[in-house]
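Structural characterization, general
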Amino acid sequence: MSAHPLGSVREVRAFVRSRRRVSPSLSDRYTSGFMLALLAAVLGRPLSGAVEGLAGQADLTRMGAGVALLALSLAVGLAAARALGPVTLPASDAAWLVLTPLDRRSVLGRSARVLALVALVAGGLLGLGLVAVLGAPDQLGWRLVGALVLGVSASAGGMALAVLGQASQTWHAWLSVALVVLLVVAVAAAFGPVRAPLAAVAGAPVTAVAAAASGAALFAALLVRRAWTMLGRIPARSLLAASTRAGHVATAAAVLDPGALAWIAEDNHWRGRKLRSARWPSMPAPLAMAWLDWVRLARRPGRLAVVAACAALPAVLAQAGGGSALVGVTVLAGGLAVAATGVSGTRRDQDNPALARLLGVGTRPAVLARALLPALLSGLWIATALAAAGLVQPAGVGALWLFGPLAAPVLAAAALRMARRAPVDHAMPVIDTPGGAIPTGPVLWALTGVDLALVGCLPAFVALTAPPAGLAALLAAQAVTGAAVLVTYVLRARPARPR
């Protein structure tokens with residue numbers, strides 16, 4: 001092999017490619033290029049029309065909420081990058097190339113290029129969103145270019161900061177500071193008196209926009225250069241852990257069972273922790289089994305804080321001009337997601353029912369006791385979200401917050417059904433449609449639990465999307481539906497089978 005490190009990596013990858021049995025042919029590459037060109041031709045006209053529609057003054061009443069949503073999206077992207085690595089390798093490369101004497105920066109070059117492409121696409125979307133929020137009173141082209149530069153600078157700088165955080169604990173702390181700053185900016189933009197400053201920013205001259213874009217690009221370039229320098233210094237243990245985690249996520253999501261992601265997260269949380277013995281609570285056996293979920297949730301105050309903060313998202317969407325349908329769907333979907341955070345014990349019981357058998361607890365009492373925590377969480381979250389949304393809407397929401405406790409039994413039953421569902425049955429048939437093949441196994445697995453929520457929350461959805469005059473009738477219908485769905489689900493519950 002060549003003595004130069006970069007040449008060595010190239011020769012190794014060329015040797016691996018030469019031993020592969022299947023390699024993309026010229027026709028495969030031509031087909032991929034043709035499909036990309038066709039997609040660009042189809043989306044080009046709608047995108048150009050949407051860009052031309054961005055010209056003009058923006059609505060000041062919605063500007064703060066729009067900036068808050070952009071800041072939240074950037075914060076979510078940074079958090080996801082930090083959780084995934086962000087620098088990862090395929091299983092084969094992580095197994096032997098990382099630990100070889102090859103130049104590590106050259107080994108990670110392909111992953112770095114993928115991250116750069118992701119940052120470029122995310123930055124373009126951020127730039128378009130910034131123009132849509134702030135508007136373009138004049139010179140749409142130059143303002144669009146400035147916004148795109150700002151968006152790409154923010155995404156590239158954030159990705160570089162995530163790479164630096166993977167290589168150094170000091171930079172990891174700065175990444176946490178950046179996340180806190182973005183969250184503070186989002187809260188201040190959504191609920192603070194920022195109409196005058198945002199109006200000044202939206203009406204700034206093009207020269208000021210160019211200066212801001214140049215400064216942001218320079219700062220992002222410095223971060224990217226520093227990240228490229230530190231790329232070869234990322235510890236092997238961090239790379240192997242991130243690559244293993246990403247491989248498990250990809251395998252569970254695409255090949256085996258997406259439900260395994262919950263098991264992976266739960267096992268990673270408890271692995272290596274020291275647990276102390278505690279006295280069994282003096283309460284009935286079904287409630288004692290369910291009490292473990294309450295204790296598990298109390299030991300994670302960070303998760304509770306994130307869940308409570310997310311209750312303001314429907315209010316931000318309402319302030320940003322989101323329609324009642326979008327706000328209603330967000331409220332109900334958020335309530336179902338919150339309810340799913342309190343069913344870890346049910347998932348354990350379904351996988352291994354030994355504890356219930358040792359305590360002599362039947363399936364129905366156990367399921368009913370497990371439903372208390374998700375019902376409480378979802379009911380409080382929906383009521384808080386609707387109350388917060390009523391504060392930012394001129395007409396308010398009136399008594400719509402009552403749908404929180406009334407829809408809680410349905411969402412608890414749906415979350416329990418999601419936790420007790422079996423793995424994906426990949427042996428089910430695949431249906432060929434004009435839009436492509438649809439595997440019925442993953443589709444039915446994904447709809448399990450969601451279908452129960454859709455049927456049981458129909459009165460609440462009607463009231464939230466189009467508030468009618470007869471609100472009392474819908475409240476009564478939701479109360480009856482919620483109780484009926486939970487009781488029916490508990491009565492139809494079957495004992496778990498060991499897997």
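Residues numbered from 1 in each chain as written. Predicted model: local features only at pLDDT ≥ 70, side-chain atom pairs only at ≥ 80, totals over all residues. Heavy atoms only, no water.

What follows deals with the overall build of the chain. When its secondary structure is counted, the chain shows 25 helices and four strands. Within the chain, counting contacts between residues at least 6 apart in sequence, those at least 24 apart form 82% of the total. Surface accessibility of the chain: about 27400 Å² in total, with carbon and sulfur atoms responsible for 69%. (Helix = DSSP H or I, 4+ residues; strand = E, 2+ residues; numbered from the N terminus. Contact = heavy atoms within 4.5 Å. Areas by Shrake-Rupley, 256 points an atom, 1.4 Å probe, with all protein chains shown as cover.)

The next thing to look at is helix α3 (residues 60–84). Each α-helix turn comprises 3.6 residues. Residues three or four places apart therefore point the same way. Relative to the 36 Å expected for 25 residues at 1.5 Å per residue, α3 spans 37 Å between its end C-alpha atoms, a close match to the ideal helical length. Along α3, the positions that sit buried rather than exposed are Met63, Gly64, Ala65, Gly66, Val67, Ala68, Leu70, Ala71, Leu74, Ala75, Leu78 and Ala81. Looking at the residues trailing α3, positive phi occurs at Gly85, about 160°. (Expected span 1.5 Å × (residues − 1). Buried < 20%, exposed > 50% of the residue type's maximum accessible area, 1.4 Å probe, protein only.)

We now examine the packing of α3 against helix α6 (residues 109–134). Direction vectors running N to C along α3 and α6 enclose 165°, while the axes themselves pass 9 Å from each other. Between α3 and α6, the angle is such that the two are roughly antiparallel. Two packed elements cross with a definite hand, and for α3 against α6 that hand is left-handed. In this structure, α3 uses Met63, Gly66, Val67, Leu70, Ser73 and Leu74 to contact α6, whose residues at the interface are Leu126, Gly129, Leu130, Val133 and Leu134. Residue composition of the contact of α3 with α6, grouped by class: eight nonpolar, three polar and no charged. (Axes fitted to C-alpha atoms, helices over the stretch in contact; angles between N-to-C directions. Parallel < 35°, antiparallel > 145°, perpendicular 65-115°, else oblique. Left-handed = near helix turned anticlockwise from the far one by under 90°. Nonpolar A, V, L, I, M, F, W, Y, C, P; charged D, E, K, R; others polar.)

Interaxial distance between α3 and helix α8 (residues 169–191) falls to 7 Å at its minimum, and their mutual angle equals 160°. Of the possible angle classes, the one that applies to α3 and α8 is roughly antiparallel. In this structure, α3 meets α8 at a crossing whose hand is left-handed. Along the contact surface, α3 presents Gly64, Ala65, Val67, Ala68, Ala71, Leu72, Leu74, Ala75, Leu78, Ala79 and Arg82, while α8 presents His172, Leu175, Ser176, Leu179, Leu182, Leu183, Val185, Ala186, Ala189 and Ala190.

Structurally, Gln166 can be placed in helix α7 (residues 140–167). In this structure Gln166 comes out as buried when scored by relative accessible area, which is 8%. Engagement of the side chain of Gln166 in a polar contact is seen with the backbone nitrogen of Val87, the distance being 2.9 Å. Setting aside residues no more than four positions away along its own chain, Gln166 makes contact with Gly85, Pro86, Val87, Ile234, Pro235, Ser238, Leu239 and Ala242. (Polar contact = N/O pair within 3.5 Å; in protein donor to acceptor, adjacent residues only side chain to side chain.)

A word on helix α25 (residues 471–491). Taking 1.5 Å per residue as the helical rise, α25 with its 21 residues ought to reach 30 Å, and the 30 Å between its terminal C-alpha atoms agrees with that figure. Every buried residue of α25 is listed here: Leu474, Leu475, Gln478, Gly482, Val485, Leu486, Tyr489 and Val490. Considered in projection along α25, the buried side chains sweep an arc of 125° and stay on one side of the axis. Facing away from the buried side of α25 by over 90 degrees, the exposed positions are Ala472, Ala473 and Val480. Check the buried side of α25 and you find it contacts α19 (363–370), α21 (403–420), α23 (450–456) and α24 (458–465). (Arc of directions from axis to C-beta.)

This part takes up the packing of aromatic side chains. Scanning the model with the defined rule gives one aromatic pair in all. For the pair Trp291 and Trp294, a centre-to-centre distance of 6.4 Å together with 20° between the ring planes defines the contact as stacked. With Trp291 and Trp294 both in helix α13 (residues 285–298) and three residues apart, the pair spans about one turn of that helix. (Phe/Tyr/Trp six-rings, centres within 6.5 Å; stacked < 30°, edge-to-face > 60°.)

This part covers the pattern of salt bridges. Within this structure, the stated rule accounts for three salt bridges. Between Asp293 and Arg370 there is a salt bridge whose closest N-O contact spans 2.9 Å. Of this pair, Asp293 sits in helix α13 while Arg370 sits in helix α19, and the two are 77 residues apart along the sequence. When its relative accessible area of 5% is taken as the criterion, Arg370 is described as buried. Shared partners join several salt bridges into a network, and the residues in it are Asp293, Arg296 and Arg370. (Salt bridge = Lys/Arg side-chain N within 4 Å of Asp/Glu carboxyl O.)

Next up on the list: the nonpolar core. In this structure, Val87, Leu108, Val163, Leu231 and Ile234 are the most contacted members of the largest nonpolar core, which totals 48 residues. Within the residue set of this core, elements represented by two or more residues are α3, α6, α7, α8, α9 (195–202), α10 (206–230) and α11 (236–254). With ten residues, the top contributor of residues to this core is α3. Those residues in contact with Ile234 that lie beyond four places of it in its chain are Val87, Arg104, Leu108, Val163, Gln166, Ala167 and Leu239. (Core = buried A, V, L, I, M, F, W, Y, C linked by side-chain atoms within 4.5 Å.)

Taking the relative accessible area as the measure of exposure, Asp293 reaches 4% and is therefore buried. For the pair Asp293 and Val343, spaced 50 residues apart in sequence, the C-alpha to C-alpha distance is 7.1 Å. Ignoring sequence-local partners within four residues, the contact set of Asp293 consists of Gly342, Ser344, Gly345, Thr346, Arg370 and Leu373. Only 2.8 Å separates the side chain of Asp293 from the side chain of Arg296, close enough to count as a polar contact.

We now examine a nonpolar patch on the surface. Together, Tyr30, Phe34, Met35, Leu38, Leu39, Val42, Leu43 and Leu47 make up an exposed nonpolar region whose accessible area comes to about 820 Å². Take Leu47: it is sitting in helix α2 (residues 26–52). (Patch = residues over 30% accessible without salt bridge, like charges linked within 9 Å, V, L, I, M, F, W, Y side chains within 5 Å.)

Let us look at the confidence of the model for the chain. Averaged over all residues, the pLDDT of the chain equals 81, while 86% of them reach at least 70. Segment residues 1–6: pLDDT under 50, and seven contacts once partners within four positions in sequence are set aside and those in other chains are kept. (pLDDT = per-residue confidence, 0-100.)

Here we take up the side chain of Arg420. Mapped onto the elements, Arg420 comes out in helix α21. A distance of 2.6 Å separates a polar side-chain atom of Arg420 from the backbone oxygen of Arg494.

What follows covers the environment of Arg492. Tracing the backbone through its elements, the reader meets Arg492 in the segment after α25. Through-space distance from the C-alpha of Arg492 to that of Thr363 is 9.8 Å; in sequence the pair is 129 residues apart.

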